[in-house]
Amino acid sequence: GFYYVRNNDKTKFLFRSLLFLGDMVLSMTSHQQALAALLDEHSSLTGLRVKTLSGVDFPGGYHYHRKKEIGFLKDIAQGKHVPYLMHMSWTTNKKNKLLFLQQMGLWYTEAKCEAGGGVGVAESLAGEGG
């Protein structure tokens, strides 16, 4: 995922807390779940102000892989809704991420700008993980 964080005492405390909760990250299998839990806690504990981006304008793999979101995804594929950004989280490896973004019409890089085209780039990166 991505996030914007201001540099202040409250956010430093938040991320210091996250660093000390490595076991929580491992048990939840995602730093994002641990961070979400800490954001709730620190919002109450320190008055940290948190704003989140709309899932409609900034959807992710969560939306892509859930059957409940099929109407929303059809709207994107048909060009009825164009999100600002689609973060293909929850998707295994770069090749699948690229293919899914292309299927949705959300891959904007021209083939001439990629060495070997989109799939070639993804395949060359396959050894680097997801």
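Structure's up top.
Residues numbered from 1 in each chain as written. Predicted model: local features only at pLDDT ≥ 70, side-chain atom pairs only at ≥ 80, totals over all residues. Heavy atoms only, no water.

Visitor: Before we move on, can you summarise the packing of aromatic side chains with the specific residues and values?
Guide: For the coordinates displayed, the defined rule picks out two aromatic pairs. Relative to tyrosine 84, the ring of phenylalanine 58 lies with its centre 5.5 Å away and its plane at 25°, an arrangement referred to as stacked. Residue phenylalanine 58 is found in the loop between α3 (31-46) and α4 (61-64), and its partner tyrosine 84 is found in the loop between α5 (70-77) and α6 (94-103); the two are separated by 26 residues along the sequence. Note on phenylalanine 58: relative accessible area 28%, which makes it partly exposed. (Phe/Tyr/Trp six-rings, centres within 6.5 Å; stacked < 30°, edge-to-face > 60°. Helix = DSSP H or I, 4+ residues; strand = E, 2+ residues; numbered from the N terminus. Buried < 20%, exposed > 50% of the residue type's maximum accessible area, 1.4 Å probe, protein only.)

Visitor: Give a detailed account of the side chain of threonine 91, specifying residues and quantitative values.
Guide: Examined against the element boundaries, threonine 91 turns out to sit in the loop between α5 and α6. Engagement of the side chain of threonine 91 in a polar contact is seen with the backbone oxygen of methionine 88, the distance being 3.3 Å. Discounting residues that sit within four places of it in the chain, threonine 91 has contacts with Gly61, His65, Asn96, Lys97 and Phe100. (Polar contact = N/O pair within 3.5 Å; in protein donor to acceptor, adjacent residues only side chain to side chain. Contact = heavy atoms within 4.5 Å.)

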